[in-house]
Amino acid sequence: MITRSFRWAWKRFLTMGMSLSTASGQVFSTALAKTKNKYNINVRQGPDALLGQLYIDVQTAKLFPDQKTFADAVPRRTPEAILSDYQTKKRRKNFKLHTFVDKNFIFPTDRVKYVPPNGQSLREHINTLWPVLTRNTSRVRPYDSLLPLPKDYVVPGGRFREVYYWDSYFTMLGLAECDKWDLVVDMTDNFSHEIETYGRIPNGNRSYYLSRSQPPFFALMVDLLASRDGDGVYQNYLPQLKKEYQYWMEGGDALENGAAAERVARMNDGALLNRYWDDLDTPRTESYMDDIVTASEAKDRPAGEVYRDLRAGAASGWDFSSRWFDDPLQLSSIRTTSILPVDLNALLYHLEMTLAKASQLGNNLDAASYYSQRAERRKQAINLHLWNEEGGYYADFDLRQDRLRDQLTAAMVFPLYNNIAPPDRAARTAQTIRDQLLKQGGLITTTNVSGQQWDAPNGWAPLQWVAVEGLRNYGHGDLAEEIATRFLGNVQRLFNNQHKLVEKYVVEGSGLGGGGGGEYPLQDGFGWTNGVTLKLLDMYSDQMTGYADNTPASVTAPQPAAAVSV
Ligand SMILES: OC[C@H]1O[C@H](O[C@H]2O[C@H](CO)[C@@H](O)[C@H](O)[C@H]2O)[C@H](O)[C@@H](O)[C@@H]1O
């Protein structure tokens, strides 16, 4: 049942969205300027804002097969000088856009071909990849979209040449596993620096990612460090944990029942839950034309509303998935900002619990009690609003329809991962996973084949890990082992054939191996797959028969080494 006040607030929100909905650089600059005022930070403008019409013309002409290439290109002189030169020269008869662009920009060395030594085992291969994927960009060139970071970091690989927020947690699990703790510390410090500098952890360290974040895993990174260095770690990162929490909760206290603002929504019963959001409602810089085409297909919707929902989809990390769509086969029906996701809320519960713990350790008992109450209320809200009793699984809440969405997705494991589910619900969730999501090659992302990458038939390393941990938390170790060993078998099989690890895998049907779908080709590397694979190998290789790497590191794999595009 939608209350009148909620309908009113929702209409008002949509109207506000409409008034902002133009794709011009002007809007981009204004929104970033707002960010700057709010957090008093020194924000770099993205390449679309800096290059204006030239950016639009290059992307419209589809000069590069991947639109991210131009977003990552570095101007050789000031954007103003390039732009003014462009305005003059483009009128000339023999003007060639690609020649002009070639002269004026340095392009990312797109794919570093790394040829691994012959005969490596899977584990050896991952270990030799860490240095290949490690970057230091404490200084960047002027007008580069890359944001400088003070310390070293590991990138996913392929077209993903920058650090990504939620990827990094899963990468760090592997780094810790092979005793590369210095990098775990460095990466946590980089994220801490980003919170201080930008008031949030951006999607990735690019100017065009500043307007959104990604699934909030910073508290789990702090937990990981504390597992080695002890509870003092919580004190060290408490200011940044608090600041990240403020980012997610901003505006929440002032909300009336049934209203939403930026990343927070207040339910009709007064409970606060969160949603994914992006400060901008323009096409994504890195997928500029894709978004314009998608918005043009949504005939009945203002373009700005579609852009914001696409951007919020990117903030969710599940970009894209039928999970966010009204019509599972239509990306243009995306509605991310009207959905309260179960995984986001479970992660924020964990952040609240971490803040309570850190405050308690610092003897700030009032703060500890404040955060504990926040966590308790969120836990109750998740169990009240995000549980499907009939189906036996956790799901997302739809604000527009004022009801639970019925999509069955792997996000259902997060309340187990973050210890929110009562044991009987955890048992029912485990049963649903066994019946519907467990496939030959691991845990499937959703039950829909939509052509999107966060859907069937794909399985992703981070979700395998969250499921394994979540199930083990509630004593369902047998199912956890089943998921882990099937996924490891899949990874090992592709490694045996192609000598690489990839971003995502097909986990059902006859074509197990590298995944597909979505807006860019399958990427090699790959940070989070490497991290989760190492972790699972150490936990389960004794139980593996068949494919997995249960051999000592000195025993060689049969395949010849091939170049890996990282
Ligand atoms: O360029 C398209 C989108 O690519 C990113 O998303 C995907 O890769 C990320 C890095 O591995 C990963 O964190 C995300 O879950 C993937 O879907 C990027 O994060 C998006 O913002 C971007 O639009």
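Worth saying up front: this structure is predicted, and the values here are computed from it rather than measured. (Residues numbered from 1 in each chain as written. Predicted model: local features only at pLDDT ≥ 70, side-chain atom pairs only at ≥ 80, totals over all residues. Heavy atoms only, no water.)

## Notes on unusual backbone geometry
Most peptide bonds take the trans form, and the phi angle of most residues other than glycine is negative.
Logical step 1: Residue Pro-457 is bonded to the preceding Ala-456 through a cis peptide linkage, with omega at 5 degrees.
Logical step 2: For Pro-457, the location among the structural elements is in the loop between strand 15 (442–443) and strand 16 (458–459).
Logical step 3: The amide bond that connects Gly-525 to the next residue, Phe-526, takes the cis arrangement and shows omega of -20 degrees.
Logical step 4: As for its position among the elements, Phe-526 is in the loop between strand 18 (513–514) and helix 21 (527–540). (Helix = DSSP H or I, 4+ residues; strand = E, 2+ residues; numbered from the N terminus.)

## Examining the packing of aromatic side chains
Logical step 1: In this structure the tally under the stated criterion is 36 aromatic pairs.
Logical step 2: An angle of 10 degrees between the planes, with centres 6.0 Å apart, marks the rings of Phe-64 and Phe-70 as stacked.
Logical step 3: Of the residues examined, Phe-70 reaches a relative accessible area of 1% and is grouped as buried.
Logical step 4: For the ring pair Trp-166 and Phe-170, a centre distance of 6.1 Å and an interplane angle of 85 degrees mean the geometry is edge-to-face. One end of the pair, Trp-166, and the other, Phe-170, are both in helix 8 (residues 165–177), four residues apart, so they sit about a helical turn from each other.
Logical step 5: What makes Trp-166 buried here is its relative accessible area of 2%.
Logical step 6: The ring of Trp-318 has Arg-323 lying over it, and the distance from NZ or CZ to the ring centre is 4.5 Å. (Phe/Tyr/Trp six-rings, centres within 6.5 Å; stacked < 30°, edge-to-face > 60°. Buried < 20%, exposed > 50% of the residue type's maximum accessible area, 1.4 Å probe, protein only. Lys NZ or Arg CZ within 6 Å of the ring centre and 35° of its normal.)

## Quick notes on the UniProt feature "binding site: substrate" (unreviewed entry) in the protein
Logical step 1: Within this structure's numbering, the places UniProt gives as "binding site: substrate" (unreviewed entry) are Arg-159, Trp-166, Asp-167, Asn-203, Arg-212, Ser-213, Gln-214, Gly-317 and Glu-519.
Logical step 2: Looking at where Arg-212 falls in the secondary structure, it is placed in the loop between helix 9 (181–198) and helix 10 (218–229).
Logical step 3: Among the residues examined, Arg-212 registers a relative accessible area of 0% and is labelled buried.
Logical step 4: Polar contacts involving the side chain of Arg-212 include one to the side chain of Asn-203, which spans 2.8 Å.
Logical step 5: Tracing the backbone shows Ser-213 in the loop between helix 9 and helix 10.
Logical step 6: In contact with Ser-213, not counting residues within four places along its chain, are Tyr-165, Ile-201, Pro-202, Asn-203, Tyr-247, Trp-248 and Ala-315.
Logical step 7: There is a polar contact of 2.6 Å between the side chain of Ser-213 and the backbone oxygen of Ile-201. (UniProt positions renumbered as here; feature names shortened; annotations may be inferred. Polar contact = N/O pair within 3.5 Å; in protein donor to acceptor, adjacent residues only side chain to side chain. Contact = heavy atoms within 4.5 Å.)

## Observations regarding the pattern of salt bridges
Logical step 1: By the definition in use, this model includes 40 salt bridges.
Logical step 2: Among the ionic pairs, Asp-478 bridges to Arg-434, the shortest N-O distance being 3.8 Å. Of this pair, Asp-478 sits in helix 20 (residues 477–498) while Arg-434 sits in helix 18 (residues 423–437), placing them 44 residues apart in sequence.
Logical step 3: Of the residues examined, Asp-478 reaches a relative accessible area of 53% and is grouped as exposed.
Logical step 4: Residues joined in a network through salt bridges with shared partners are Arg-301, Glu-305, Asp-309, Asp-326, Arg-335, Asp-398 and Arg-405. (Salt bridge = Lys/Arg side-chain N within 4 Å of Asp/Glu carboxyl O.)

## A few points about helix 12 (residues 238–249)
Logical step 1: Here helix 12 is 12 residues long and its end C-alpha atoms lie 16 Å apart, about the 16 Å a rise of 1.5 Å per residue gives.
Logical step 2: Within the sequence span of helix 12, burial applies to Leu-238, Gln-240, Leu-241, Glu-244, Tyr-245, Tyr-247, Trp-248 and Met-249.
Logical step 3: Just beyond helix 12, the residue with positive phi is Gly-251, at close to 85 degrees. (Expected span 1.5 Å × (residues − 1).)

## Thoughts on the UniProt feature "active site" (unreviewed entry) in the protein
Logical step 1: On the UniProt side, "active site" (unreviewed entry) is annotated at positions that read Asp-319 and Glu-503 here. Spatial clustering of the annotated residues is evident: they stretch over 185 residues in sequence, but the largest pairwise C-alpha distance comes to 13.3 Å.
Logical step 2: Tracing the backbone through its elements, the reader meets Asp-319 in the loop between helix 14 (303–315) and strand 9 (339–340).
Logical step 3: Given a relative accessible area of 19%, Asp-319 falls into the buried group.

## With respect to the sheet that holds strand 6 (residues 260–261)
Through backbone hydrogen bonds, the strands of a sheet pair up, either in parallel or in antiparallel fashion.
Logical step 1: One open sheet holds the three strands; their spatial order is 6-7-8, and the pairing between them is antiparallel. On the outer flanks of this sheet lie strand 6 and strand 8 (272–274), each paired with one strand and no other.
Logical step 2: The sheet contact formed by strand 6 and strand 7 (residues 264–266) spans two bridges and is antiparallel. In the strand pairing of strand 7, Ala-261 is matched with Val-264. (Pairing = 2+ DSSP bridges.)

## Concerning the packing of helix 18 against helix 20
Logical step 1: Taken N-terminus to C-terminus, the directions of helix 18 and helix 20 make an angle of 35 degrees; their axes are 11 Å apart at the nearest point. Crossing of helix 18 against helix 20: the hand is left-handed. Contact residues: Ala-430, Ile-433 and Arg-434 in helix 18; Asp-478, Leu-479 and Ile-483 in helix 20.
Logical step 2: Tallied by class, residues from the contact of helix 18 with helix 20 come to four nonpolar, no polar and two charged. (Axes fitted to C-alpha atoms, helices over the stretch in contact; angles between N-to-C directions. Left-handed = near helix turned anticlockwise from the far one by under 90°. Nonpolar A, V, L, I, M, F, W, Y, C, P; charged D, E, K, R; others polar.)

## Notes on helix 8
Logical step 1: For helix 8, which comprises 13 residues, the first-to-last C-alpha distance of 19 Å matches the rise-based estimate of 18 Å (1.5 Å per residue) to within 8%.
Logical step 2: Of all 13 residues in helix 8, 12 are buried, a share of seventy percent or more.
Logical step 3: Turning to helix 8, its buried residues are Tyr-165, Trp-166, Asp-167, Ser-168, Tyr-169, Phe-170, Thr-171, Met-172, Leu-173, Gly-174, Leu-175 and Ala-176.
Logical step 4: Backbone geometry just downstream of helix 8 places Asp-179 in the positive-phi region, at approximately 65 degrees.

## As for the domain arrangement of the protein
Logical step 1: Taken domain by domain, the protein consists of domain 1 (276–340) and domain 2 (410–545).
Logical step 2: A separation of 26 Å is found between the C-alpha centroids of domain 1 and domain 2.
Logical step 3: Opposite the 14 residues of domain 1 that make contact, domain 2 presents 13 residues.
Logical step 4: Counting each side, the surface lost to burial between domain 1 and domain 2 is near 1,000 Å², with a carbon and sulfur contribution of 49%.
Logical step 5: On the domain 1 side of the interface with domain 2, the three residues burying the most area are Trp-318, Phe-320 and Ser-322, jointly 47% of the side's total.
Logical step 6: In this structure, the connection of domain 1 to domain 2 is made through one salt bridge.
Logical step 7: In this structure, Arg-284 and Glu-519 form a salt bridge, with 2.9 Å as the shortest nitrogen-oxygen distance.
Logical step 8: If you look at where domain 1 meets domain 2, you find eight residue pairs in polar contact (both at pLDDT 80 or more).
Logical step 9: Among the residues forming the side of domain 1 that touches domain 2, the class breakdown is six nonpolar, four polar and four charged. (Domains from an automatic or database assignment. Buried area = accessible area lost by both parts, 1.4 Å probe.)

## Focus on the site of the ligand
Logical step 1: Inspection of the region around the ligand gives 21 residues, with Asp-167, Asn-203, Glu-286, Gly-317 and Asp-319 positioned closest.
Logical step 2: In the environment of the ligand, an oxygen atom lies 2.9 Å from a nitrogen or oxygen atom belonging to the side chain of Gln-214.
Logical step 3: One nitrogen or oxygen atom from the side chain of Glu-286 is found 2.6 Å from an oxygen atom belonging to the ligand.
Logical step 4: Along the lines of polarity and charge, the residues of the shell around the ligand split into nine nonpolar, five polar and seven charged. (Near = heavy atom within 4 Å.)

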